[in-house]
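Commentary on secondary and tertiary structure
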Amino acid sequence: MGKKITKTIKLAGAAAIAASAFAAVNPAQTEAASAVESLVLKAEQNKVPLIRATSVDYDADAVTQPWTLYNKAKKDYAAAKAAVNKLSGKQKVQLSARLDTVKLYIDRTAAYIDAISSGKKLLKGTAEMEKYLDEGKMAEATAAYHKLSYEIKKQAVILYRVYGQSTRQAILDTYKAPAEDAKFQALYPVSIHIELDRYVAALEKEDFDQVVKHDKNVNEWLEYVEDQELYDLLEYRYREIIASYTDGLEDVAEIGFYDDAYYVTDLPGMTAYGMIGFFDSEGNELFIDGVENAFIIKDDKGYFTDLGSLAPAYEKEGLKETGPVKIQLFDRETNELILEETIEVKDGNQLYSLEEGKILNAEGKDAAYTVTGQTYQFTPVEAMTFNGDIIGDGEGEKLELSQFPGITFKSSDVTKFVVNTTGKITPVAPGKANLIVTWNEMEYKLPIEVKSASAVAEFGLASGKTKILLSENTNFDALIDAGYFTAKDQYGNEADLKSVSAQLFTSQESVFTASGENITVTGKDGDAASLIVKINGIVKSIPVTIDKTAPVLEGAANQSAVNQAVTVSTKAADVASVAATKNGAAIAGYTLATPLTDEGVYEVTATDFAGNKSVLKFEIDKTVPTLAVSGTAGAPVITASEALYYKDSAGKLTAIQSAELDQTQANALFTYTGTGTLKSATVNAEQHKWSFVTEGTATSDTVLYNDEELFDKAGNKLAGSVKATFNGNAWVLSTQ
């Protein structure tokens, strides 16, 4: 009977000290894999790091090339492949299939690295071309332009090989888009430089039909050159060419003021000749210097000198008055009156113009070009004044159209785009045209390129994908986000499948049903069917398999506690992502190959490509629990710092449980030595305490527990025996 009571008391007493919420562990581990399978597993552990390093949805930045991870993965793959090739039969087939998946991610990483290398070539070519343009070296800039055009076409093939829609777009935005934008900005300066060379050749051949054509092109294209220094450089060369093939005053047939000519106050650099033009008999402008060709200027207000300068007037009191001024142009040698005109003087302080603007798309972002089927909004960026502060000069100031009263908008070609009175632009057809913005009688021109809306011309499973894995209900957009599809438009560029309407059908409703763009899973794990997708008349049949099985994580039992490092692993080959936390905080850069060594509560989550998740929770506890004694002579209390366990006959850790022990039961479990008596004992599970009631306690009396060794839940050993001794004033605890 004593033995039976003792066993019952052990089970009861143990949980009294139980404070932990974890279940007992130290489960048996699976048998060690073969040497070859270990190499395969090692190679597989590179997959997740490669995925994270080559996807902007994780750690990739479209700039850093993960050479270290790539080289390690190649080395591990080569070692495993060599070992597998020495096998035969079913095991070789199975392990080879697992390695094929590893090779897929290595190839994707190689494509990502190659894309960045190609992108850097585009950035280098762009910088070279822009450098020559900044320096005004048009011959070199033209050569660099053609070289960049070639590189964009050549490298684009490599850029589009990047796996994953979001990552591929980040690569294109980082490298291809800036190169194409720079090329577009350089298009007109380079074209004008080439056209001027043709202009000279046509003049030398006296092929005046071609001269007229080239002259028209140069004048038209100069309007698209936004960089003022390049504009001045190209216009100067244009004037030089014309001047070199004209005979000066002999060709002048007409002299007159430009349309809408006027002078302004507070602008001492202005000259009278700035508003006068010289033209030949066919109406072509001749760039003649009025001063060098013996003309003099007079006016009825005394503003201008004979040479047309305002400088002396500014030395006195400046040109202040507004209103009309009569200008006369005389031949210096004959004093003949050549031209007489009354011109308006306007207030320069109030004459300000819009200097820069841009167009925004529906999301409010800058639009490098417009696309048919969408609308855009013009917004001012910078206003300029001749003198004084008007608007647009404050740091961080955001301009609004309401700050530009009387502003108007016009399209230079309504067959390309139209614009309303509020600056809303609606593209009509592909091509290029100017948005003409007029404010205070001055114009600002913004070149706009219209492109066709992308239409899906072909689509299918993305590279590396052989089928769609479904674990739950989903929709077409979610499958696109998961990277299952790739698509191209009619130009061979990547197309956005989310912007088109797709029709979905199923080959077997017992596996899944399709309604609109939604998919409802009806089958069980392992069932297969086909998803029929119809877009723009194109029909594709895509294999689908129901996968409801989450990856199995190994290394520790779920909700367990251990006192040693844990390396979590899985035999699953379809793990898409892994994440881990310690005490609720994320562990950066964690992979399944990473040993977890520090004390703490861990949670490891693995997600497969079907979206199934597996969570493994465990605690690493290397700290031995402690005991303390308190209470009076007749009521000692032993308190544990955490739950205590003992090992049963099978070696399994078993929690000591709560119990109310009478005198017989208490003395069967605890040994009392001395003049006093142990009357009862209570084990409290919630407070993990042993509370005793003694009678007649005297100095040197002891209470001893040595029935079994004590551990915590993680297996850390506390003691083989626990003894409390009364020293006449208090109880003192000792363990062995």
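These remarks concern the structure in this document. (Residues numbered from 1 in each chain as written. Predicted model: local features only at pLDDT ≥ 70, side-chain atom pairs only at ≥ 80, totals over all residues. Heavy atoms only, no water.)

1. Concerning the packing of helix H4 (residues 67-84) against helix H5 (residues 89-135)
Here is the rule: Between N-to-C directions, angles span 0 to 180 degrees; the directions come from axes that are lines fitted to C-alpha atoms, helices contributing only their stretch in contact. Helix and strand assignments come from DSSP, with helices taken as H or I runs of at least 4 residues and strands as E runs of at least 2, each series counted from the N terminus. Throughout, the term roughly parallel applies to angles under 35 degrees, roughly antiparallel to angles over 145, roughly perpendicular to angles from 65 to 115, and oblique to all others. Take the far helix as your reference; a near helix turned counterclockwise from it by less than a right angle gives a left-handed crossing, and one turned clockwise gives a right-handed crossing. Any two residues whose heavy atoms approach within 4.5 Å at even a single point are treated as in contact.
Viewed as axis vectors pointing N to C, H4 and H5 meet at an angle of 155°, and their least axial separation amounts to 10 Å. Between H4 and H5, the angle falls in the class roughly antiparallel. Seen from above, H4 lies across H5 with left-handed handedness. Listed contacts from H5 to Trp67, Tyr70, Ala73, Lys74, Tyr77, Ala80, Lys81 and Val84 of H4 are Lys92, Leu95, Ser96, Leu99, Asp100, Val102, Lys103, Ile106, Thr109, Ala110 and Ile113.

2. Quick notes on the environment of Thr545
As a reminder of what qualifies: The buried label goes to any residue with under 20% of its type's maximum accessible area, the exposed label to any with over 50%, and the partly exposed label to all in between, with areas taken from a 1.4 Å probe on protein chains only.
As for its placement among the helices and strands, Thr545 is situated in strand E24 (residues 538-546). Residue class for Thr545 comes out buried when judged on its relative accessible area of 16%. Considered as a pair, Thr545 and Asp527 are 18 residues apart in the sequence and their alpha carbons are 5.8 Å apart. Among all residues touching Thr545, those that are not within four sequence positions of it are Lys467, Ile468, Leu469, Leu470, Gly526, Asp527 and Ala528.

3. Overview of the environment of Glu472
Take Glu472: it is sitting in the loop between strand E17 (468-470) and strand E18 (474-475). Sequence separation of Glu472 and Phe512 is 40 residues, and the distance between their C-alpha atoms is 9.8 Å.

4. Some words on the packing of aromatic side chains
In plain terms, the rule: Centres within 6.5 Å are what make two rings of Phe, Tyr or Trp a pair, Trp counting through its six-membered ring; a difference in plane orientation under 30 degrees is then read as stacked, over 60 as edge-to-face, and the rest as tilted. Placement of a charge over a ring requires the Lys NZ or Arg CZ to be within 6 Å of the ring centre, with the centre-to-atom vector within 35 degrees of the ring normal.
Under the criterion given, the structure shown has 14 aromatic pairs. Aromatic side chains Tyr188 and Tyr224 sit 4.3 Å apart centroid to centroid with 10° between the ring planes, which places their arrangement in the stacked category. Placement of Tyr188 in helix H7 (residues 165-205) and of Tyr224 in the loop between helix H8 (208-222) and helix H9 (228-244) is noted, with a sequence separation of 36 residues between them. Like Tyr224, Tyr188 is buried. Between Phe476 and Phe485 the ring centres are 5.2 Å apart and the planes differ by 50°, which places this aromatic pair in the tilted class. Taken together, the ring pairs in this structure connect Phe670, Trp690, Phe692 and Tyr705 into an aromatic cluster. Its guanidinium or amino end placed over the ring of Tyr163, Arg108 lies 3.5 Å from that ring's centre, counting from NZ or CZ. Sitting over the ring of Tyr484, Lys465 keeps its end group 4.7 Å from the ring centre.

5. Describing the environment of Ile546
Here Ile546 is to be found in strand E24. The spatial distance from the C-alpha of Ile546 to the C-alpha of Ala529 is 8.7 Å, given a sequence separation of 17 residues. Beyond its immediate sequence surroundings of up to four residues, Ile546 is in contact with Leu470, Val511, Val521, Gly523, Lys524, Asp525, Gly526 and Asp527.

6. Focus on the sheet that holds strand E30 (residues 627-632)
Defined as follows: Think of it this way: DSSP has to see at least two bridges between two strands before they count as a pair.
In spatial order, the strands read E30-E31-E37-E36-E34; together these 5 strands make up an open sheet with antiparallel pairing. Looking at strand neighbours, the two that pair on one side only are E30 and strand E34 (659-661), the edges of this open sheet. Ignoring strand direction, the axes of neighbouring strands in this sheet form an average angle of 15°. Two elements, strand E36 (residues 677-684) and strand E37 (residues 689-695), share 7 bridges in a ladder whose sense is antiparallel. Directly across from Ser680, in E37, lies its bridge partner Val693.

7. Some details on the pairing of strand E41 (residues 722-726)
Every second residue of E41 is oriented toward a common face, the buried set being Val722, Ala724 and Phe726 and the non-buried set Lys723 and Thr725. Bridge count between strand E38 (residues 702-705) and E41: 4 bridges; the pairing is antiparallel. Each residue of the ladder has a partner; that of Thr702, found in E41, is Thr725. As defined by bridge partners, E41 adjoins strand E42 (residues 731-735) across 5 bridges and the pair is classed as antiparallel. Opposite Phe726, over in E42, you have Trp731 as the bridge partner. The antiparallel hairpin formed by E41 and E42 contains 4 residues in its connecting segment, where Gly728 sits at a positive phi of about 100°.

8. Structural notes on the sheet that holds strand E1 (residues 254-257)
Here we have 3 strands laid out as an open sheet, ordered E1-E3-E4, and antiparallel in their pairing. Looking at the sheet topology across the chains shown, the edges are occupied by E1 and strand E4 (285-286). With 2 bridges connecting them, strand E3 (residues 276-279) and E4 associate as antiparallel partners. Counted as the bridge partner of Phe279 is Glu285 from E4.

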